[in-house]
Amino acid sequence: EKFWDDAYLYQEAPIVVNTNPCFILEDDPGKASHDQVARATSICMSTLKLVRLVRRELLEPDMIKHIPLSMDQYETVFGSARIPSADRDEVITDHKSTHIVVLCRGQAFYFDCVAEDGSLAITADEFSNNLHQIIENALKVDAEEVAENAVPVFTTTSRSKWAKIRRKLSEIPANKESLEVIDTALFVLCLDDIETPSITECMRNTLHGTTSLTSSDDFETGTCISRWYDKMQLVVSANGVAGVVWEHSKWDGHTVLRLFSDVMTDSFVKFAQSISGKSKVKTHVQSIRVDPEDLESLNIHLLPRKLKFDLNKKAKSELKLCTTAISKQIKSLQSLVLEYDAYGSTLIKSNGFSPDAFVQLAMICTFYTVKGFLPNQYEAVMTKAFKNGRTEAGRAATLPALDWCRAFDNPDIGDEEKIELLKVATKAHSAMTRRCSKGEGVDRHLYGLKCLWQKQREDKLPDLFDSPGYKKLGVSTMSTSNCGNPALRCFGFGPVTEAGVGIGYMIREYDINFTITSWEVNLETFREELAGYLNQVLYLMKKYHELQKVNGEDNSDSLPSKPKKRELLGETLR
């Protein structure tokens, strides 16, 4: 486990984009859907209900096919922060944290929400009132003054640089105390002053924020100054769109998905209760409230307070450099969302394919078409069936995948043969991921052996670790992950190599969602090719079934039949 932590915590590159993933949550079913404060209050109150369950280990265990999964990641999900270092970062957790931090226009505020045991101390009305006060206060400060003192921007720079800056900041007692308040917060809520109408804009704003820094401007007013990337963050835009972006060293997507699945379920249950009454709709997450008379004795302060930072001229100069760097990074990163709605898992499964393997082959074949070679494609495969399990690296670049990629656009290969090749490739992929989930993968095993050798011996590493094959294995040209359920609109993260592609995808019953990022690959072309591939394979599946029927071999109802035509009455309005 230490080896695994080291892989993250020795990282020198900035963790924004390079490491931290994000979710975009589904819209709220009630009145909070388009109101920023109402939406932030709703998701935060639902999230706060989970604190007590986590601290008392009362969460229902995660299961996959009746197999219980490791729950250790939940122990640090609240009250944790990644602390930068010149060498190896560390993650600290305050298991008795009672407050949250709110970032608004680059300024930090905090207030208590729960007792040390996780019991709710604040009401929804009190929470909402606090947010209104915070927004009102944040708007009073001039934009240039905000930009010159936006300490959160420091979390976007390299880890050693941030460590050095933080060390200098902490020499001033008031700065040190403010940093400790942020570090120990349950989580950070970011209230953005922009609207994000499109799904791609939502994703970009949540993943890295926006930039409004131009060549003629001397200061930044984008939402990138209102992020603290060392922590779990809830992001709510001005039009009520909500997302989550989290520090990845301790928590994987499956853990954060479970958490916010409960949050979204609680929101929908509250909406249902508003319609049918609490007596008819069972509460999803039970909460215990602190007696208001006990707040003072428990040292709980519900009113918001503003955190202050004292920056000297050198610190402000460093802040400006960091701002310029993150602005350049945001402008350089391409990202877009493909919402493919022609079909989803229902049709894929009815044709005898594993949905995940089917989509993995779609992505690798698209890359092959666009770039002309098979990428070293990474797929995160969960290993939480083991104690403290995280993920294994599934490798989609199998020989059957290569055969399929070569055959896909080959006019000399018939439709029936193509579908058979796709079946072979998807079965090979599924077999590979099954091995990975059982702890029989390649990457983590070799990494563990390498770490053991370095720890126990002083002589040169075996030649294997200097071989071209091992070096290529360590560069994931295409990084992919399947994570999602109806609680999410999309899931995304940055590419892990300069010339690579990052794809977070969700396979739903009747559609497939792809969030695609890259520094260098033309994503408009990639999106068009990916959609075209999925359309072409749909055509191939239809042709395959037609051929099977002609040959008398198809006894299935794999493709939905058209309903019987009925006679219509009346005249069509035009």
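Up top you'll find the structure we're talking about.
Residues numbered from 1 in each chain as written. Predicted model: local features only at pLDDT ≥ 70, side-chain atom pairs only at ≥ 80, totals over all residues. Heavy atoms only, no water.

Brief notes about the overall build of the protein
(1) Moving on: A tally of helices and strands in the protein yields 16 helices and 18 strands.
(2) Moving on: Taken across its 574 residues, the protein has 53% of its residues classed as buried.
(3) Moving on: Taking the contacts inside the protein whose residues are at least 6 apart along the sequence as the reference set, 72% of them involve residues at least 24 apart.
(4) Moving on: Accessible area for the protein stands at about 27200 Å²; split by element, carbon and sulfur atoms hold 51% of it.
(5) Moving on: Put simply, the protein has 70 plus and 80 minus side-chain charges, and the middle of one group is 1 Å from the middle of the other. (Helix = DSSP H or I, 4+ residues; strand = E, 2+ residues; numbered from the N terminus. Buried < 20%, exposed > 50% of the residue type's maximum accessible area, 1.4 Å probe, protein only. Contact = heavy atoms within 4.5 Å. Areas by Shrake-Rupley, 256 points an atom, 1.4 Å probe, with all protein chains shown as cover. Lys, Arg positive; Asp, Glu negative; His and termini not counted. Charge placed at Lys NZ, Arg CZ, Asp CG, Glu CD.)

Here's the deal with the layout of surface pockets
(1) Moving on: Counted as a void, the second largest pocket has a volume near 660 Å³.
(2) Moving on: As for the second largest pocket, its lining consists of 23 residues, and the residues nearest its centre are Glu1, Trp4, Asn388, Gly389 and Arg390.
(3) Moving on: If you list the elements that add at least two residues to the lining of the second largest pocket, you get α1 (2-9), β14 (391-395) and α14 (443-456).
(4) Moving on: The greatest single-element share of the lining of the second largest pocket, amounting to four residues, is contributed by α14. (1 Å grid on protein atoms, 1.4 Å probe; cavity = no way out; pocket = protein on both sides within 12 Å on 5 of 7 lines; lining within 4 Å. Points joined across faces, edges and corners; volume = space filled by probe spheres on them.)

Thoughts on the side chain of Arg390
(1) Moving on: Along the chain, Arg390 falls in the loop between β13 (377-382) and β14.
(2) Moving on: Overall, Arg390 belongs to the buried group, its relative accessible area being 9%.
(3) Moving on: Of note is the side chain of Arg390, whose polar atom sits 2.9 Å from the backbone oxygen of Ser249.
(4) Moving on: Looking at Arg390, its side chain comes within polar contact range of the side chain of Asp252, at 2.7 Å.
(5) Moving on: Those residues in contact with Arg390 that sit more than four places away from it in its chain are Trp4, Tyr8, Gln73, His248, Ser249, Lys250, Trp251, Asp252, Val381, Met382, Thr383 and Lys384. (Polar contact = N/O pair within 3.5 Å; in protein donor to acceptor, adjacent residues only side chain to side chain.)

A few points about a positive patch on the surface
(1) Moving on: Taken together, the side chains of Lys65, Arg434, Arg435 and Lys438 make up a positively charged region of the molecular surface.
(2) Moving on: Within the secondary structure, Arg434 is located in helix α13 (residues 415-437).
(3) Moving on: Residue class for Arg434 comes out partly exposed when judged on its relative accessible area of 47%. (Patch = residues over 30% accessible without salt bridge, like charges linked within 9 Å, V, L, I, M, F, W, Y side chains within 5 Å. Salt bridge = Lys/Arg side-chain N within 4 Å of Asp/Glu carboxyl O.)

So, the sheet that holds strand β17 (residues 501-507)
(1) Moving on: One open sheet accounts for six strands, arranged β12-β18-β17-β15-β13-β14; its pairing is mixed. Unpaired on one side and paired on the other, β12 (334-340) and β14 mark the two borders of the sheet. With strand direction ignored, the average angle separating the axes of adjacent strands in the sheet is 20 degrees.
(2) Moving on: Sheet analysis places β13 next to β14, joined by five bridges and oriented antiparallel. Following the sheet pairing, Val381 is matched in β14 by Glu392.
(3) Moving on: Along the sheet, helix α7 (residues 199-208) contacts β12 and β18 (512-518); its crossing angle with β12, the most-contacted strand, is approximately 135 degrees. (Pairing = 2+ DSSP bridges. Axes fitted to C-alpha atoms, helices over the stretch in contact; angles between N-to-C directions.)

Quick look at helix α11 (residues 355-371)
(1) Moving on: Between its first and last C-alpha, α11 extends 24 Å over 17 residues, near the 24 Å set by a 1.5 Å rise per residue.
(2) Moving on: Counted residue by residue, α11 has 13 buried out of 17 residues, so it is predominantly covered.
(3) Moving on: Immediately beyond the C-terminal end of α11, within one or two residues, lies Gly372, with a positive phi of roughly 85 degrees. (Expected span 1.5 Å × (residues − 1).)

Observations regarding the packing of helix α2 (residues 36-55) against helix α8 (residues 253-276)
(1) Moving on: One can describe the packing of α2 onto α8 by two numbers: an axis separation of 9 Å at closest approach and a directional angle of 120 degrees. Taken together, the axes of α2 and α8 lie oblique to each other. Relative to α8, the crossing made by α2 is right-handed. Together, Arg39, Ser42, Ile43, Ser46, Thr47, Lys49 and Leu50 of α2 and Leu259, Phe260, Asp262, Val263, Met264, Asp266, Ser267 and Lys270 of α8 make up the contact between the two elements. (Parallel < 35°, antiparallel > 145°, perpendicular 65-115°, else oblique. Left-handed = near helix turned anticlockwise from the far one by under 90°.)

So, the nonpolar core
Nonpolar side chains in soluble globular proteins generally cluster together in the buried interior.
(1) Moving on: Ranked by size, the top nonpolar core spans 60 residues in total, and within it Leu48, Phe127, Leu131, Leu189 and Met232 carry the most contacts.
(2) Moving on: Ranked by the residues each element gives to this core, the list is headed by α2, at ten residues.
(3) Moving on: If near-sequence neighbours (up to four positions away) are discounted, Leu48 is found in contact with Ile100, Cys113, Val114, Gly118, Leu120, Phe127, Leu186 and Phe187.
(4) Moving on: Membership of the second largest hydrophobic core comes to 46 residues, among which are Val141, Phe154, Trp162 and Leu333. (Core = buried A, V, L, I, M, F, W, Y, C linked by side-chain atoms within 4.5 Å.)

Thoughts on the sheet that holds strand β8 (residues 188-191)
(1) Moving on: Read from one edge of the open sheet, eight strands run β11-β7-β6-β8-β9-β10-β1-β16, paired in mixed fashion. Each edge of the open sheet carries a strand with a single partner, namely β11 (305-306) and β16 (488-492).
(2) Moving on: Two elements, β8 and strand β9 (residues 233-236), share four bridges in a ladder whose sense is parallel. Paired with Val188 across the bridge in β9 is Gln233.
(3) Moving on: Along the sheet, helix α3 (residues 124-138) contacts β6 (99-104), β7 (107-112), β8 and β11; its crossing angle with β7, the most-contacted strand, is approximately 160 degrees.

Quick word on unusual backbone geometry
(1) Moving on: Its identity is not glycine, yet Glu57 carries a phi of approximately 55 degrees, on the positive side.
(2) Moving on: Within the fold, Glu57 resides in the loop between α2 and β2 (63-64).
(3) Moving on: Its identity is not glycine, yet His66 carries a phi of approximately 70 degrees, on the positive side.
(4) Moving on: You can call His66 exposed: its relative accessible area is 75%.

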